[in-house]
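Architecture and fold: a report
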Amino acid sequence: MTNNKYYNMNYVYLLVLLSALTSRLIFILYSPTGGGDWFIYSTVAENILSGCGVSLSVPNSDDCVPHFGGNQGPGYPIFVFLSWFIGGHEDMYIRLFQLSFYIAGLLYLVRAIKIYTLSSKVALWVGMVLALSPLEAAWPRYLQTETLVLAGTLWVFAELLLSLHQNKIRVVPIAIALVFTTFIRLDAVLLI
């Protein structure tokens, strides 16, 4: 193992955290937007908030028809509801909580890479590539499922690496990660 202090895992976590946070906060603060399916997610979340439950009925109307939750599972509208509940119905909280979930998933993957490869250097480089990836950096600015699904996918990959390290499948943690991710977006079932 190298003596370079920048490959100490505390520095690795800090560098990856700051890189992911900075690159995404720029988009969140200067270019926030709803996105294509936001109307559906916000309608379901408004109905949950008003006590109607998972429904696509017009919020605060006399109708309260149960529904599957839009074109995805009800996980994202429930996440929106919880974000609004905590943050006083401000959409910025949704973006910041999405970012928090993503960074948690990324740091968990970085940890799993270090454990599996025994290399802080590899963990740092993979973490930095994901933290600064132009394919992922702008997603938290949207009020869409993608950021949480990315977080869940990183979680699943981390569990797979930890399974390889332990030479046994971590059934329960993998199942929890898959259920979380699929509850947010149905096509995540393909991770199986």
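Just above, that's the structure.
In this report, we go over the structure that sits alongside the text. (Residues numbered from 1 in each chain as written. Predicted model: local features only at pLDDT ≥ 70, side-chain atom pairs only at ≥ 80, totals over all residues. Heavy atoms only, no water.)

**Topic: the overall build of the protein**
When helices and strands are counted, the protein shows 7 helices and 0 strands. Starting at the N terminus, the α and β elements of the protein follow one another as α-α-α-α-α-α-α. Here the C-alpha coordinates of the protein stretch approximately 65 × 40 × 25 Å along the principal axes. Across the 192 residues of the protein, 44% fall into the buried class. (Helix = DSSP H or I, 4+ residues; strand = E, 2+ residues; numbered from the N terminus. Buried < 20%, exposed > 50% of the residue type's maximum accessible area, 1.4 Å probe, protein only.)

**Regarding the state of the cysteines**
Where two cysteines share a covalent bond between their sulfur atoms, that bond is called a disulfide. All told, the structure shown has 1 disulfide when counted by the stated rule. Across a sulfur-sulfur distance of 2.0 Å, Cys-52 and Cys-64 are joined as a disulfide pair. Its S-S torsion of approximately 125 degrees makes the covalent link between Cys-52 and Cys-64 right-handed. Remark: Cys-64 occurs in the loop between α2 (38-49) and α3 (75-87) and Cys-52 occurs in the loop between α2 and α3; sequence separation between them is 12 residues. Residue classification places Cys-64 among the partly exposed residues on the basis of a relative accessible area of 38%. (Disulfide = S-S within 2.5 Å.)

**Regarding unusual backbone geometry**
The phi angle at His-89 is positive, at roughly 65 degrees, despite the residue not being glycine. The phi angle at Leu-118 is positive, at roughly 60 degrees, despite the residue not being glycine. Tracing the sequence through the fold places Leu-118 in the loop between α4 (91-117) and α5 (120-132). Of the residues examined, Leu-118 reaches a relative accessible area of 62% and is grouped as exposed.

**A few points about α4**
With 27 residues, α4 should reach 39 Å at 1.5 Å per residue; the first-to-last C-alpha distance of 39 Å fits that figure. Phi for Leu-118, located one or two positions after α4, is positive at around 60 degrees. (Expected span 1.5 Å × (residues − 1).)

**Quick look at the packing of aromatic side chains**
Enumeration over the complete set of coordinates arrives at 9 aromatic pairs. Here the aromatic rings of Phe-81 and Phe-85 are separated by 5.9 Å at their centres, their planes lie at 40 degrees, and the arrangement is tilted. Residue Phe-81 and its partner Phe-85 are both found in helix α3; the two are separated by 4 residues, about one turn of the helix. A relative accessible area of 61% places Phe-85 in the exposed class. Ring centres of Trp-139 and Tyr-142 lie 5.4 Å apart, and the angle between their planes is 50 degrees; on these two criteria the pair is classed as tilted. Three or more aromatic residues joined by ring pairs form one cluster here, namely Tyr-41, Tyr-76, Phe-79, Phe-101, Trp-155 and Phe-180. (Phe/Tyr/Trp six-rings, centres within 6.5 Å; stacked < 30°, edge-to-face > 60°.)

**Some thoughts on α3**
Compared with the 18 Å implied by 1.5 Å per residue over 13 residues, the 18 Å span of α3 between its first and last C-alpha is a close match. When we look at burial in α3, the residues that qualify are Gly-75, Tyr-76, Pro-77, Phe-79, Val-80, Phe-81, Ser-83, Trp-84 and Gly-87. Elements in contact with the buried residues of α3: α2, α4, α6 (146-166) and α7 (171-184). Positive phi shows up at Gly-88, right after α3, with a value of about 65 degrees. (Contact = heavy atoms within 4.5 Å.)

**What about the packing of α6 against α7?**
Two elements in contact, α6 and α7, have axes separated by 9 Å at closest approach and are oriented at 165 degrees. Put simply, α6 runs roughly antiparallel to α7. In this structure, α6 meets α7 at a crossing whose hand is left-handed. Taken together, the residues of α7 that come into contact with α6 (itself represented by Leu-148, Val-149, Gly-152, Thr-153, Trp-155, Val-156, Glu-159, Leu-160 and Ser-163) are Pro-173, Ile-174, Ile-176, Ala-177, Leu-178, Phe-180, Thr-181 and Ile-184. Looking at the contact of α6 with α7 residue by residue, the class counts come to 12 nonpolar, 4 polar and 1 charged. (Axes fitted to C-alpha atoms, helices over the stretch in contact; angles between N-to-C directions. Parallel < 35°, antiparallel > 145°, perpendicular 65-115°, else oblique. Left-handed = near helix turned anticlockwise from the far one by under 90°. Nonpolar A, V, L, I, M, F, W, Y, C, P; charged D, E, K, R; others polar.)

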